[in-house]
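What follows is each chain in one-letter form.
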Amino acid sequence: MAGKNVVTLSDSSFDAEVLQSATPVMVDFWAEWCGPCKMLGPTIDQLADEYQGKIKIAKLNVDDNSSTASRFAIRGIPAMLIFQGGQVKEQLQGALPKANIAKALDKYVTAAAPVVTH
């Protein structure tokens, strides 16, 4: 269910992949039975391709990794949390349009990117 640039997370890999990441990370919390999550899947794959090298895009199946889902108080899915510096910076809820998600991600790309002057 994940594209080639999407990192598949588990309870055991979450801290290393997300909280200790040098780059911002967006985690898509989803489940196999969730219709809106499946609708969002291709959008997540596209965003992972477009933001490759700028923001890590990851997915966590809440059914298989319930301790991480409860740790971040995920009550409804799809839910996307954006982490930077090991902290949750933003939470997006529902099957949002790609433009809405990209707008949220862009805040963290510019925040992390160095300013180049000529």
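A short tour of the structure in this document, coming up. The model shown is predicted, which means the values in this text are computed figures rather than measured ones.

### With respect to the pairing of strand β4 (residues 79-84)
With five of six residues buried, β4 is to be regarded as a mostly interior element. Two elements, strand β2 (residues 25-30) and β4, share five bridges in a ladder whose sense is antiparallel. Residue Asp 28 lies in a different strand from β4, and its bridge partner there is Met 80. The pairing of β4 with strand β5 (residues 87-93) spans six bridges and is classified as antiparallel. Among the inter-strand pairings, Ile 82 is bridged to a residue of β5, identified as Glu 90. Linking two consecutive strands that pair antiparallel, namely β4 and β5, is a turn of two residues; a positive phi of about 60° is found at Gly 85 within it.

Quick notes on the rules
- Residues numbered from 1 in each chain as written.
- Predicted model: local features only at pLDDT ≥ 70, side-chain atom pairs only at ≥ 80, totals over all residues.
- Heavy atoms only, no water.
- Buried < 20%, exposed > 50% of the residue type's maximum accessible area, 1.4 Å probe, protein only.
- Helix = DSSP H or I, 4+ residues; strand = E, 2+ residues; numbered from the N terminus.
- Pairing = 2+ DSSP bridges.

Everything listed is a geometric property; what it means functionally is a separate question.
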